[in-house]
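Spelled out from the first residue to the last, the chains are:
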Amino acid sequence: MKEFNKRFIYFICLVSAMGGLLFGYDWVVIGGAKPFYELYFGISDSVTDQGLAMTIALIGCMIGACTCGWLADKIGRKRMLLVAAVVFLVSSILTGAFSTFGAFLIARFFGGIGIGIASGLSPMYIAEVAPTEIRGKLVSLNQMTIVIGILAAQVVNWQIAQPIPADYTPADIAASWNGQMAWRWMFWAAAIPSAAFLLLVFFIPESPRWQALKGFTAQAGQTLTRIGGEQYAASEMQAIAAANAAAKQQAGLSTLFTKPFHSVLLLGIIIAVFQQWCGTNVIFNYAQEIFQSAGYSVGDVLFNIVITGVANVLFTLVAIFTIDKLGRRKLMLLGAGGLCIIYATLGCCYYMHITGFFMIILVVAAIACYAMTLGPCTWVLISELFPNRVRAIAVATCTFALWVGSSTLTYTFPMLNKSLGSYGTFWIYALVCGCGYLFFFRRLPETKGKSLEQLEKELVKSDKESSHNTTSW
């Protein structure tokens with residue numbers, strides 16, 4: 001990193017990664033607010049309304065993911081980051097301010113759009129500005145901010161909510177601080193980092209690869225010079241120009257399904273969906289049910305949830321310092337294989353009615369395994385697998401697939417848990433992880449240490465030459 005402007009690089013990457021922080025916070029904060037806004041809006045007895053309140057943001061995520069790729073190609077990555085910041089700021093304020101359930105749902109929907117935009121755009125921007133040697137580490141910063149956002153939501157929810165006396169009825173809770181104001185402040189708390197994100201985005205440059213593709217070569221050269229000096233800028237501009245020579249303009253969604261790109265797109269979609277279907281996120285979404293099934297009381301559950309959040313942060317740090325050394329392929333294989341073993345063991349423990357501290361160890365081990373492998377590696381891979389001219393729309397497509405995977409995982413867990421029991425559910429997740437391991441072993445290329453233009457040449461060339469020759473991958 002001696003030749004690179006480290007201060008400038010880390011500044012622009014951390015600012016972009018703030019989208020991930022808001023993504024993580026907004027994704028998880030509703031879990032702590034749920035018991036209180038349900039009583040406030042009078043939906044505690046309506047399963048349909050409860051489900052709608054929890055899933056409306058996921059619908060917004062899908063729409064945000066679908067539109068951000070096309071818009072990022074049209075108006076640029078920086079402007080779309082500004083759009084995401086505005087959406088986060090407005091939705092966080094309005095979600096806590098509205099006093100009718102319909103208006104609350106609309107605000108949550110727009111919050112989901114912000115999540116959908118940030119989830120794909122932040123890692124893509126970082127991948128396009130980061131030097132090859134540390135691209136994995138820098139893109140992993142986005143996953144780091146996501147898990148910090150998740151932990152921040154857990155801590156904020158815990159600090160804002162007041163203790164509830166054991167003799168309180170639902171009506172008492174609805175009339176208390178928690179039922180009237182606490183859930184509002186849980187959402188309002190996101191306005192502070194949202195405003196900071198909005199302000200700081202004005203101080204970062206546009207993606208030089210987008211600028212070069214749009215013909216703004218002078219501006220692209222200036223940004224690359226600030227990153228690594230004139231020699232680095234000249235080398236990067238030459239590689240970008242060579243990669244762009246094959247296509248004079250950016251391609252649309254239909255291009256992704258043509259023969260030169262379709263197998264790379266399929267690989268990206270499978271990676272994105274597998275990150276959700278591996279099952280780890282149900283531990284965050286349904287932590288209460290999982291820990292209570294393991295024999296813990298409600299009070300213990302709240303403490304255990306914080307433990308999982310801390311483990312998530314600590315082991316994401318491990319990923320940041322290993323992803324450019326070990327490589328993406330090794331970490332994805334480690335994550336899929338490790339979770340397969342952990343889930344199989346967890347299922348056996350539930351089957352044999354084992355309870356207590358050992359169950360916490362297994363759950364934390366699953367979180368740790370995911371946090372240092374599949375969590376960050378997924379965002380790194382889908383941000384670097386695709387050629388410049390289709391990257392925005394391809395990342396948007398993969399992000400959309402990821403949120404579809406998240407929705408189906410979240411929706412099916414209660415049904416699987418009820419019909420198959422906790423042991424059967426985790427055995428299914430173990431099987432999914434085992435299948436993922438076999439797929440990655442055969443089809444996943446190593447991308448560490450290669451420029452985006454070099455990856456474009458290798459992956460698209462491999463696709464053109466032979467879709468069944470896995471040795472070229």
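Residues numbered from 1 in each chain as written. Predicted model: local features only at pLDDT ≥ 70, side-chain atom pairs only at ≥ 80, totals over all residues. Heavy atoms only, no water.

**Student:** An account of unusual backbone geometry is needed here, citing residue identities and associated values.
**Tutor:** Backbone geometry places His353, a non-glycine residue, at a positive phi of 60°. Mapped onto the elements, His353 comes out in the loop between helix H16 (328-351) and helix H17 (357-371). Residue class for His353 comes out exposed when judged on its relative accessible area of 68%. (Helix = DSSP H or I, 4+ residues; strand = E, 2+ residues; numbered from the N terminus. Buried < 20%, exposed > 50% of the residue type's maximum accessible area, 1.4 Å probe, protein only.)

**Student:** How would you explain the environment of Trp403 if you had to name every residue and give the values?
**Tutor:** Locating Trp403 in the fold gives a position in helix H19 (residues 391-443). A residue is classified by how much of its surface remains accessible, and Trp403, at 1% relative accessible area, is buried. Along the primary structure Trp403 and Ala65 are separated by 338 residues, whereas in three dimensions their C-alpha atoms are 8.4 Å apart. Once residues within four sequence positions are removed from consideration, Trp403 is found in contact with Phe23, Trp27, Leu58, Cys61, Met62, Ala65, Ile115, Gly116 and Ser119. (Contact = heavy atoms within 4.5 Å.)

**Student:** I'd love a proper account of the confidence of the model for the chain, names of residues and values included.
**Tutor:** The predicted model of the chain averages 85 in pLDDT, with 89% of residues at 70 or higher. Every residue in residues 463-473 scores below 50 in pLDDT, and together they form 21 contacts with partners more than four places removed in sequence or on other chains. (pLDDT = per-residue confidence, 0-100.)

**Student:** An account of the side chain of Glu206 is needed here, citing residue identities and associated values.
**Tutor:** For Glu206, the location among the structural elements is in the loop between helix H8 (191-201) and helix H9 (208-213). The side chain of Glu206 sits in the buried core without any salt bridge; Arg79 is the nearest counter-charge, 5.2 Å away. Polar side-chain contacts of Glu206 include one of 3.0 Å to the backbone nitrogen of Arg77. A polar contact is formed between the side chain of Glu206 and the backbone nitrogen of Lys78, at a distance of 3.2 Å. (Lys, Arg positive; Asp, Glu negative; His and termini not counted. Salt bridge = Lys/Arg side-chain N within 4 Å of Asp/Glu carboxyl O. Polar contact = N/O pair within 3.5 Å; in protein donor to acceptor, adjacent residues only side chain to side chain.)

**Student:** Explain the nonpolar core to me, and be specific about the residues and the numbers.
**Tutor:** The biggest cluster of nonpolar side chains holds 136 residues, and the ones touching the most others in it are Tyr37, Phe104, Ile271, Phe386 and Trp403. It is helix H1 (residues 6-41) that provides the largest number of residues to this core, a total of 18 residues. With residues near it in sequence (within four places) discarded, Phe104 still touches Tyr37, Phe41, Ala53, Thr95, Phe98, Trp183 and Phe187. (Core = buried A, V, L, I, M, F, W, Y, C linked by side-chain atoms within 4.5 Å.)

**Student:** Provide a residue-level description of the packing of aromatic side chains, including the pertinent values.
**Tutor:** This model, assessed by the stated rule, comprises 26 aromatic pairs. Between the aromatic rings of Phe274 and Phe440, the centroid separation amounts to 5.3 Å while the plane-to-plane angle is 85°, which identifies the pairing as edge-to-face. Placement of Phe274 in helix H12 (residues 262-277) and of Phe440 in helix H19 is noted, with a sequence separation of 166 residues between them. Under the relative-accessibility criterion, Phe440 is labelled buried at 0%. Taken together, a centroid distance of 5.8 Å and an interplanar angle of 15° make the contact between Tyr350 and Phe426 stacked. Of this pair, Tyr350 sits in helix H16 while Phe426 sits in helix H19, and the two are 76 residues apart along the sequence. By relative accessible area, Phe426 is classed as buried at 1%. Ring pairs connect the aromatic residues Tyr37, Tyr40, Phe41, Phe101, Phe104, Trp183 and Phe187, which therefore count as one cluster. Here Arg184 stacks its cationic end above the ring of Tyr40, 4.9 Å away from the centre of that ring. Between Arg329 and the ring centre of Phe441, over which it is positioned, the NZ or CZ distance is 5.6 Å. (Phe/Tyr/Trp six-rings, centres within 6.5 Å; stacked < 30°, edge-to-face > 60°. Lys NZ or Arg CZ within 6 Å of the ring centre and 35° of its normal.)

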